Amino acid sequence: MALIDTINPLLTTGWAKGDAGWSLKDYEARGGYKQLRRVLESRMSQDDLIAEVKKSVLRGRGGAGFPTGLKWSFMPKAAPVKYVVCNTDEGEPGTFKDRDLMRFDPHSVIEGMIIAGYAVGAKAGYNYIHGEIFEAYQRFEEALDQARAAGYLGDNILGSGFSFDLFAHHGWGAYICGEETGLLESIEGKKGQPRYKPPFPANFGLYGKPTTINNTETFAAIPFILGMGGEAYLNLGKPNNGGTKLFSVSGHVNRPGNFEVPMGTPFAKLLEMAGGMRGGRKLKAVIPGGSSAPVLPANVIMDCTMDYDSIAKAGSMLGSGAVIVMDETVCMVKALERLSYFYYEESCGQCTPCREGSGWLYRVVHRIEHGEGRPEDLDLLNRVTDNMMGKTICALADAAAFPVRSFIKHFQSEFEYHIENKKCLVDPEVQRMGSGFFKAGNV
Amino acid sequence: MNNDYEKLSPEALRRIDREVAKYPADQTQSAVMAALVIAQDEKGWLPKETIAAVANYLGMAPMAAYEVASFYNMYDLHPVGKYKITVCTNLPCALSGGVHAADYVKTKLGIDFNETTADGKFTLKEGECMGACGDAPVMLVNNKRMCSFMLPDEIDKLLAECK
């Protein structure tokens, strides 16, 4: 019951049978591994393969939106040892699409990774899987065994002379490992603390070797792109925003879940697919791309289409496609307090502006929420974020700062009310009922 | 349960060997995360002696293994109850009752976060995003079993199931 609705099923074609449709047999029956076979049998050149992916304008589905084909083309040709790594460390609050890809269609990710390995000349790959989704990790291990037994992984795949093997690496609870170089450190058996860049992973990646890292959904899209052609895939979406995208819709909607829609689908349509607002209540705000993306008030998001460019123009980020919907029962100060606690808790601690700054943000928002705010606190918060953004090794400091700045920017009067009146603008009982946990007859 | 903390069972070592085989021959340290999970499964938690045993087996400094064990949230460096229940209270879950679900469990068990019931049966933890926000409220039991849509009836059922 993970896919709730779709306009144009591509990545989610295999999800229809839920837990019953993931195995190799099912995947092959719906055309799986056909593109790998075609690439290997036709001995497609690496350049042609990368050109096709470039044509699709597939942009990284993990959050950064970097063009995938371009990323692949950065890999040095001559290097003898290279790696392909998949980032399934899906810990961005609001995001839950990769877990379902692992559960319902793991072979599409495997096929995408093998093809990527061929394109960049890698002989081994790792899929880094979020610690909290053990069942998805187990499923992926099973899928790898199936693929290996069928000759899609290992030496001399399908008699082509191309060899590639793939392994699963299970995380164990660290948001920072979603950052690609933190993830590499973690595979190396260390604390997941991000590395200085440059050098970028394409030159100095896993074990110091050239490495291509893509998100799970990005790899899963590869077989479909090759199947329909890069241009047809691009045309499913809109210019510069190729293809379809999985959106994870959570929060105050009637039907939270994953939705696959073409890039450029109006937000209003996505909200309608998610069953509309819970209890028919009024939309207050939406975080359109995971908790690190700036929040947008209802009137702004209702005019947006769901693609990288439209959301960026509105002042936020499409990120991983995690759409967190908040209705009028939400206290924006309390919502921000929880997010700020998250970044404080998950800062890896190596850069002072992030380690100290995330603590400052949390403590100041916490005191506002708890009736101890001071009139100068909003300026203080903005000043702390000034000292964090762009001043650290990775983007976690920015991710901690964006919510603070955007919540204050768009809901300043609510923060001021909290400071002046030492309480929420939204009645606590209204907030309590908003979550839907308490129904008639319950506690 | 094996209470000899300095030694891992042959079965645990076999499982660790399977993890080591995933990585290049000169990169055994890559298996440390999985090896610590295997050790934690066997001992119930990770005493320093066990962390050192894992490090010795993989040929790495005990402190390097301890760094890993203390960096990632799901390693238990202190004893926990037979059932460790972790509740996600992050924003997307909270919007659909994550915090209320945690409050409900606290009341039922009479403990707060990071506490264990007097009978040693339950430990309660506050979790960060588990990547399942569409199923909120969500809980993890002993790190590996995810429970979805945990409204009061479901929580009652889960707690009753944990013998």
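Scoring rules and cut-offs
Residues numbered from 1 in each chain as written. Chains lettered and ligands numbered in written order. Predicted model: local features only at pLDDT ≥ 70, side-chain atom pairs only at ≥ 80, totals over all residues. Heavy atoms only, no water. Helix = DSSP H or I, 4+ residues; strand = E, 2+ residues; numbered from the N terminus. Buried < 20%, exposed > 50% of the residue type's maximum accessible area, 1.4 Å probe, protein only. Contact = heavy atoms within 4.5 Å. Buried area = accessible area lost by both parts, 1.4 Å probe. Salt bridge = Lys/Arg side-chain N within 4 Å of Asp/Glu carboxyl O. Polar contact = N/O pair within 3.5 Å; in protein donor to acceptor, adjacent residues only side chain to side chain. Nonpolar A, V, L, I, M, F, W, Y, C, P; charged D, E, K, R; others polar. Patch = residues over 30% accessible without salt bridge, like charges linked within 9 Å, V, L, I, M, F, W, Y side chains within 5 Å. Areas by Shrake-Rupley, 256 points an atom, 1.4 Å probe, with all protein chains shown as cover. Pairing = 2+ DSSP bridges. Axes fitted to C-alpha atoms, helices over the stretch in contact; angles between N-to-C directions. Bend = angle between axes of the 7 residues up to and from the residue. Core = buried A, V, L, I, M, F, W, Y, C linked by side-chain atoms within 4.5 Å. Parallel < 35°, antiparallel > 145°, perpendicular 65-115°, else oblique. pLDDT = per-residue confidence, 0-100. Phe/Tyr/Trp six-rings, centres within 6.5 Å; stacked < 30°, edge-to-face > 60°.

**Considerations on the overall build of chain B**
Item 1. Across its full length, chain B holds 7 helices and 5 strands.
Item 2. Counting from the amino terminus, chain B carries its helices and strands in the arrangement α-α-α-α-β-α-α-β-β-β-β-α.
Item 3. Projected onto its principal axes, the C-alpha positions of chain B cover 50 × 35 × 25 Å.
Item 4. Residues classed as buried in chain B amount to 56% of the 163 residues present.
Item 5. Taking as baseline every contact in chain B between residues at least 6 positions apart, the subset at least 24 positions apart corresponds to 59%.

**Considerations on the interface of chain B and chain A**
Often, the extent of an interface is quoted as the loss of accessible area upon association of its parts.
Item 1. Facing 51 residues of chain B, the contacting portion of chain A comprises 65 residues.
Item 2. Across the chain B to chain A interface the summed buried area is about 4,400 Å²; carbon plus sulfur atoms make up 60%.
Item 3. Remark: the boundary between chain B and chain A carries 4 salt bridges.
Item 4. Note that Asp135 of chain B is salt-bridged to Arg99 of chain A, the shortest N-O span being 3.3 Å.
Item 5. Our count for the contact surface shared by chain B and chain A stands at 23 residue pairs in polar contact (both at pLDDT 80 or more).
Item 6. For the side of chain B that touches chain A, the secondary structure elements donating two or more residues are helix H2 (32–43), helix H4 (62–71), helix H5 (91–95), helix H6 (98–109), strand S3 (122–127), strand S5 (145–147) and helix H7 (152–161) of chain B.
Item 7. Its residues assigned to classes, the side of chain B that touches chain A comprises 28 nonpolar, 15 polar and 8 charged.

**Concerning a nonpolar patch on the surface**
Residue and element names in this part refer to chain A.
Item 1. On the surface, Phe66, Leu70 and Phe74 cluster together into a nonpolar patch covering about 260 Å² of accessible area.
Item 2. Assignment of secondary structure puts Leu70 in helix H4 (residues 68–73).
Item 3. Owing to a relative accessible area of 33%, Leu70 belongs among the partly exposed residues under this scheme.

**Let's talk about the sheet that holds strand S2 (residues 83–88) of chain A**
All names here are of chain A.
Item 1. If you walk across this open sheet you meet the 4 strands as S4-S3-S2-S5, and the pairing is parallel. Two strands in the sheet have a free side with no partner beyond their single neighbour: strand S4 (165–170) and strand S5 (211–215). Strand-to-strand twist in this sheet, taken as the mean axis angle between neighbours without regard to direction, amounts to 20°.
Item 2. Of the pairings in the sheet, the one linking strand S3 (residues 124–129) to S4 comprises 6 bridges and is parallel in character. The residue of S4 that forms the bridge with Ile129 is His170.

**Looking at helix H9 (residues 216–228) of chain A**
Residues and elements named next belong to chain A.
Item 1. Bending of H9 peaks at approximately 30° at the position of Ile222, with proline Pro223 no more than four residues after it.
Item 2. Burial analysis of H9 places 10 of its 13 residues in the buried class, which makes it a mostly covered element.
Item 3. Downstream of H9 by one or two residues, Gly229 has phi in the positive range, about 95°.

**Re the nonpolar core**
Item 1. If you look at the biggest cluster of nonpolar residues, it comprises 148 residues, and the most contacted ones within it are Ile110, Ile114, Met326 and Phe407 of chain A together with Tyr72 of chain B.
Item 2. Of the residues forming this core, the biggest block, 9 residues, is contributed by helix H6 (residues 106–120) of chain A.
Item 3. Here Tyr72 of chain B is in contact with Tyr128, Trp172, Gly173, Ala174, Cys177, Ser186, Lys190, Lys191 and Gly192 of chain A together with Met33 of chain B, once residues within four sequence places are set aside.
Item 4. Counting 25 residues, the second largest nonpolar core, distinct from the first, contains Val249, Val253, Leu270 and Leu283 of chain A.

**Digging into the sheet that holds S3 of chain B**
All names here are of chain B.
Item 1. Sheet architecture is open: 5 strands sit in the order S2-S3-S1-S4-S5, paired in mixed fashion. For this open sheet the edge positions go to strand S2 (115–116) and S5, each flanked by a neighbour on one side alone.
Item 2. Here 6 bridges tie strand S1 (residues 83–88) to S3, and the two strands are oriented parallel to one another. Across the sheet, residue Tyr83 finds its bridge partner in S3, namely Phe122.

**Some details on the packing of H2 of chain B against H4 of chain B**
All names here are of chain B.
Item 1. Remark: H2 packs on H4, axes separated minimally by 10 Å, with the N-to-C direction vectors making an angle of 75°. Classified by the interaxial angle, the pair formed by H2 and H4 is roughly perpendicular. Note on element contacts: H4 touches H2 through Ala65, Val68 and Ala69, opposite Val32, Met33 and Leu36.
Item 2. Looking at the contact of H2 with H4, its residues break down into 6 nonpolar, no polar and no charged.

**So, the confidence of the model for chain B**
Item 1. Of the residues in chain B, 98% reach a pLDDT of 70 or more, and the chain-wide mean stands at 96.
Item 2. Overall fold confidence (pTM) sits at 0.96, and the ipTM for the predicted complex is 0.97.

**Things to note about the side chain of Thr50 of chain B**
Item 1. Turning to its location among the elements, Thr50 of chain B is positioned in helix H3 (residues 48–58).
Item 2. A distance of 2.7 Å separates the side chain of Thr50 of chain B from the backbone oxygen of Tyr5 of chain B, its partner in a polar contact.

**Considering the packing of helix H14 (residues 332–346) of chain A against helix H18 (residues 412–421) of chain A**
What describes two packed helices is the angle between their axes and the distance between those same axes.
Residue and element names in this part refer to chain A.
Item 1. Running from N to C, H14 and H18 point in directions that differ by 95°, and their axes come no closer than 9 Å. The angle between H14 and H18 places the two elements in the roughly perpendicular class. Across the interface between the two elements, Met332, Val333 and Leu336 from H14 touch Glu414, Phe415 and His418 from H18.
Item 2. When the residues that make up the contact of H14 with H18 are grouped by side-chain class, the tally is 4 nonpolar, 1 polar and 1 charged.

**Things to note about the packing of aromatic side chains**
Geometrically, a pair of aromatic rings is defined through the distance of the ring centres and the angle of the planes.
Residue and element names in this part refer to chain A.
Item 1. If you walk through the whole model with that rule in mind, you get 24 aromatic pairs over all chains.
Item 2. Aromatic side chains Tyr118 and Phe162 sit 5.3 Å apart centroid to centroid with 85° between the ring planes, which places their arrangement in the edge-to-face category. With Tyr118 in helix H6 and Phe162 in the loop between helix H7 (134–149) and S4, the pair connects residues that are 44 residues apart, well separated along the chain. When sorted by exposure, Tyr118 lands in the same class as Phe162, which is buried.
Item 3. A centroid spacing of 6.2 Å and a plane angle of 40° characterise the contact between Phe134 and Tyr137, whose relative ring orientation is tilted.

**Some remarks on the pairing of strand S9 (residues 283–287) of chain A**
Residue and element names in this part refer to chain A.
Item 1. Extensive coverage of S9 is indicated by the burial of 5 of its 5 residues.
Item 2. Where S9 and strand S12 (residues 322–327) come together, 4 bridges link them in antiparallel fashion. Looking across to S12, one finds that Ile287 is bridged to Ile324.
Item 3. Sheet topology note: the S9/strand S10 (residues 296–297) ladder contains 2 bridges and is antiparallel. In the strand pairing of S10, Ala285 is matched with Pro297.

**Some remarks on the environment of Ile111 of chain B**
Residue and element names in this part refer to chain B.
Item 1. Topologically, Ile111 is positioned in the loop between H6 and S2.
Item 2. Its relative accessible area of 8% is what places Ile111 among the buried residues.
Item 3. For the pair formed by Ile111 and Leu124, sequence separation is 13 residues and the distance between their alpha carbons is 7.4 Å.

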